[in-house]
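Below, each chain spelled out in residue letters.
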Amino acid sequence: RRSHFGSRRARVSPPRVLAMPPKKKAAPKKDEPKAAPKKEEPKAAPKKEEPKAKAAVAAAKPEEPKAPPKAAPAKKEEPAAKAAAGKRKAEAKAEEPAKKETKVADADVSEKEKDAPADKRPALKETISFYPSDTTLNVIPTLGGQVLMALSDGGMQYLIAGARGNVGMKAGRYMFEVKIIEALNPAESSAVAGRGRSPAPRQLVRIGFSVAGSPLVLGDSEDHICFDSEGTFHASKKKTPAAQRFTRDQIIAVVLNLDAKSPNHNTLSLFRDGKRISEPQQIPENLHGKTFFPHVSFRNVSVQVLFGQQPARALPFKCRQLGAAAQADVDKAFRPGLKDGKYEVLLPVALPDEGTFEWLDTFIAKNSHYVELSDRKILDWAASSGLWKAKSTNMSKYSNDKPEFNFGLPAMDDFSIQRVMTTVASVVPRNYVVMEVKSNLIKDDRQRVLESFKSPHFKKVAQVVMGEPTDEFKQMALDKLLEEKQAKADAAWRAKKVEEKRKKDMEEKQKKLAEMRRKADEARKKAAEEAKKKAEEAKKKAEEAKRKAEAKKKAEEAGEEYVEEDEYKAEDEEVKGENMEVDQAGNNDTKEAKDDAKEEDKKEDVKMEDEEDTEPPKIELTDEEQKLWFRSAVARACTDLTTTALGQSFGSFSIPETSEGFDEIRFEWRDENESKAYLKRWVLERKRNSRMDDLQ
C-alpha cells in the first residue's frame, strides 16, 4: 500500500496552475504608458462590479492589451468590448465564490461548536512536554520537545513511535496541533521471498489522546482515542473511516470536548488548516470521566507538536490551546522522583520457570515508569506496529527468553534492532529493566550488560528473585493458574455444547426427513387405494350395466315391461357406508397415535433442556496444585529457556556481587544466604536429573 505523503505535489498542483495567469501581466506592462486604456478604465462597466468580483477583474486585466493601442477605431470599440468580456468573466468568477461561500455558510450553520467564553480562572503555568518514560525508545525529541523525530535504522523504520504529553485535560474544551514537517523514505533490505512484508502505510501519523499508563503506540489500547493520516478514527481498538486524509506541511488540529454544557460533549474532532475534516466522534463510555493526555504516534516522519498559547490556524470557532488551559481543567502526569538523583538499570536475577516473567509483569504494573528491554517487548512492539510474523514451525528451538523472530525482514530477524535499542538506552536517561533470563544468571554476561551503562546518571541494580516466593506472589500464581484452568474448562464446555447442538440438529433433520418419507408413503398408499376403489366401482358399474341389459333383454323377449330393481343399489350403498366408517375409524386411530408420539417428543425435549447446563461448571484447584509456588511450563505453553540452552549454562549460574559493577544488590523473596543456598540445591538437583551431552 503506497502512502499518500509522497504524492502531495500532485494534489496541490491545480492551485498553482490557477495562479499562473497573473504572471503574464509583466509582458504588457511595457506598453501600458503608450496605451490609453488606463484613462478610460473608470468609465468601463466592469469597474462597478469590482467590489463583488475582484478576482474576475484581476483575471480580466491581462487581456486588456490585446486591442491595438495605435488604431483609432479600436479605441472607440474597446470600452464596449472590454465591458462585455469583463461582464461575462465577472459573472463567471462571481459564481465560484458564491458557491464556495454557500458551502462555508452551510458548514457554519452545521457547526455546533461555539466560541470559547472568556475564562478568568488561573491558567496553566507548566510547559507541556514529553517525559522520556512516556516516549518509545525510537523517539528523539528536539527543540525542547516541540519537534519529534524517530530513528530509522536497524529495523526501527518498521516500528511506530509514540509520545504522550505530561499534562492531561479532565474538563473543558481544548485543542493542540501537529504539523508534519518531513516525510522519510529509509532504505529497506529486501524481504525474504514469500514470507516478509513491510507494514503499510510506510509513513503514518496518529494524533489524539490517551489515559496515563496506557501503551505508547496510539490506537493499540481501549484507553486510546485518535485519528490517523489515512482518515481513520481509532476507539476501543476499532477502526472507523471518519475523516479526510492529511499530509505534510498542513496544520492538523484535534479538539477534545469534555464540556458538559456543549452539544458535542465527550467528542473528538479533527481540523486541517483551520477547516473541519471530520464530524465529532463519540468517546467510548468506558473513558468517560478520565483524564486525557495529548498523544502522537508516527512512523517515518518528523512532526512538530504545537501546544502554544494561540492556535497556528484559527478554527471556525474560538478554541483555546491546551497550553493555555485553566489550571482547574488539567492534571499533570505522575513523575516519580529519582533515587539518589540517578536513573536505575535493573537486572532481575531469577531461575528459569520459577515465576521469572510473572514477577516482571507485576513489577512493571506497579512501576510503569520503568522501560523493559527484552526480546518479548520487541515482539509486542512489532505486533502493535502492524508487522506480520509467521507461525513457528519448531517451538523446541525457542523460549520466553529468546523467542522466534520470523518476520521475513532481515533488519528484524538478524538482531539489528536489539543492537540499536541497546545503543539508544545507554544514551537516553530513564529507568530500565534489562530482562535476560540466562544472561542475568551468568557473571560474564552481567558484566557485559553493565558495560553499556557506564554513564554517571545510571545506578546499576541487581534484583535477586529466588527461593520461596511471598504469599502475595503465591496467591497471584494460584489465581492465574485457576483462571487458565477455568478458561480451558470453559472452552471444552463450549465445544461440547456445539457438538451436542450439532447432533441435535442432525437428529431433528433426520426426524423431518423420516416424517417427509412417511407422508410420501401414506400419500402413495392413499392414491393406490383410491385408484383400486375407483377400479372396483367401475367394474361394479360395468357388471350392473350388463346385468340390467340382460334383464331388459329377457323382459323384451318375454313381452313383459322392464322394471329397474333398486335392491342392488341399496346393498352397494350399505357396503360403501360401512367402508367409510372403517376408514374414518382407522384415520382417527392413526391421528391419535401421531399426536401421542409428538407429545412424547416434546416432553422428552423439555426434559433434556432442563437437564442441560446453561453455564460452564466452576473449576477448583486440586490439593497438589494449591501447593505449587509457580505455574508449570505446561500451563504456560513455553519454557523460559530451551532444553539445550539450560543444559549448557546452568552450571555457570551464580548470585551477583558488587565487584561485578553493581551499585546495589537487592533480594526480593529471600535474603542473600537463603538465595545462595537455594541456588546451590537447584543446580545440584539439575545435575542429577539433566542429560550432559558434552561429557567426554
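Here is what the cut-offs are and how they apply
- Residues numbered from 1 in each chain as written.
- Predicted model: local features only at pLDDT ≥ 70, side-chain atom pairs only at ≥ 80, totals over all residues.
- Heavy atoms only, no water.
- Helix = DSSP H or I, 4+ residues; strand = E, 2+ residues; numbered from the N terminus.
- Buried < 20%, exposed > 50% of the residue type's maximum accessible area, 1.4 Å probe, protein only.
- Polar contact = N/O pair within 3.5 Å; in protein donor to acceptor, adjacent residues only side chain to side chain.
- Contact = heavy atoms within 4.5 Å.
- Pairing = 2+ DSSP bridges.
- Axes fitted to C-alpha atoms, helices over the stretch in contact; angles between N-to-C directions.
- Parallel < 35°, antiparallel > 145°, perpendicular 65-115°, else oblique.
- Core = buried A, V, L, I, M, F, W, Y, C linked by side-chain atoms within 4.5 Å.
- pLDDT = per-residue confidence, 0-100.

Caption draft 1: Up close: the side chain of Asp-640. Assignment of secondary structure puts Asp-640 in the loop between α13 (633–636) and α14 (643–649). Exposure remark for Asp-640: the relative accessible area of 2% places this residue in the buried category. For Asp-640, the side chain forms a polar contact with the side chain of Asn-400, separated by 2.9 Å. Apart from residues lying up to four places away in sequence, Asp-640 is in contact with Pro-352, Asp-353, Glu-354, Thr-356, Phe-357, Ser-399, Asn-400 and Asp-401.

Caption draft 2: Molecular detail of the pairing of strand β15 (residues 293–299). Along β15, seven of the seven residues are buried, which leaves the element largely enclosed by surrounding structure. Inspection of the sheet shows strand β4 (residues 161–165) paired to β15 by four bridges, in the antiparallel sense. Of the residues in β15, the one forming a bridge with Ala-161 is Phe-298. The sheet contact formed by strand β7 (residues 204–210) and β15 spans seven bridges and is antiparallel. The residue of β15 that forms the bridge with Leu-204 is Arg-299.

Caption draft 3: Geometry of the sheet that holds β7. With antiparallel pairing, seven strands are arranged side by side in an open sheet as β1-β4-β15-β7-β8-β9-β10. Looking at strand neighbours, the two that pair on one side only are β1 (130–135) and β10 (238–241), the edges of this open sheet. Between one strand axis and the next, the sheet turns by 25° as a mean value, whatever way the strands run. Here strand β9 (residues 232–235) runs beside β10; their pairing, made up of four bridges, is antiparallel.

Caption draft 4: Broad picture of the packing of helix α5 (residues 356–366) against helix α10 (residues 471–557). One can describe the packing of α5 onto α10 by two numbers: an axis separation of 11 Å at closest approach and a directional angle of 110°. When the axes of α5 and α10 are compared, the pair comes out roughly perpendicular. Across the interface between the two elements, Glu-358, Trp-359, Thr-362 and Lys-366 from α5 touch Glu-472, Phe-473 and Met-476 from α10.

Caption draft 5: Inspection of the nonpolar core at higher detail. The biggest cluster of nonpolar side chains holds 45 residues, and the ones touching the most others in it are Phe-176, Phe-209, Ile-225, Leu-256, Phe-298, Val-303 and Val-305. Sort the elements by how many residues they give to this core and strand β6 (residues 173–183) lands first, with five residues. Of all hydrophobic cores here, the second largest spans 36 residues; its members include Leu-137, Val-371, Trp-381 and Phe-662.

Caption draft 6: Fine view of unusual backbone geometry. Look at the link from Ala-200 to Pro-201: it is a cis peptide, with omega at -5°. Within the secondary structure, Pro-201 is located in the loop between β6 and β7.

Caption draft 7: Region of the structure containing the environment of Ile-160. For Ile-160, the position within the fold is in the loop between β3 (147–150) and β4. Taking relative accessible area as the criterion, Ile-160 reaches 1% and is therefore assigned buried. With 21 residues separating them in the primary sequence, Ile-160 and Val-139 have C-alpha atoms 9.5 Å apart. Among all residues touching Ile-160, those that are not within four sequence positions of it are Thr-136, Asn-138, Leu-204, Arg-206, Val-217, Ser-297, Phe-298, Arg-299, Trp-381, Ser-384 and Ser-385.

Caption draft 8: Representation of the confidence of the model for the protein chain within the structure. In this model, the protein chain carries a mean pLDDT of 79, and residues with pLDDT of at least 70 account for 73%. Note on residues 7–79: pLDDT under 50 across the span, and 41 contacts to partners over four residues away in sequence or across chains. Contacts from residues 93–109, a stretch scored under 50 in pLDDT, to residues over four places away or in other chains number four contacts.

Caption draft 9: Seen up close, the sheet that holds strand β22 (residues 664–667). Sheet architecture is open: five strands sit in the order β19-β20-β18-β21-β22, paired in parallel fashion. Two strands bound the open sheet, and with one partner strand each, they are β19 (370–373) and β22. Ignoring which end each strand starts from, the neighbouring axes of this sheet average 25° apart. Both strand β18 (residues 343–350) and strand β21 (residues 458–465) contribute to a ladder of eight bridges, which runs parallel. Note that in β21 the partner of Tyr-343 across the bridge is Phe-458.

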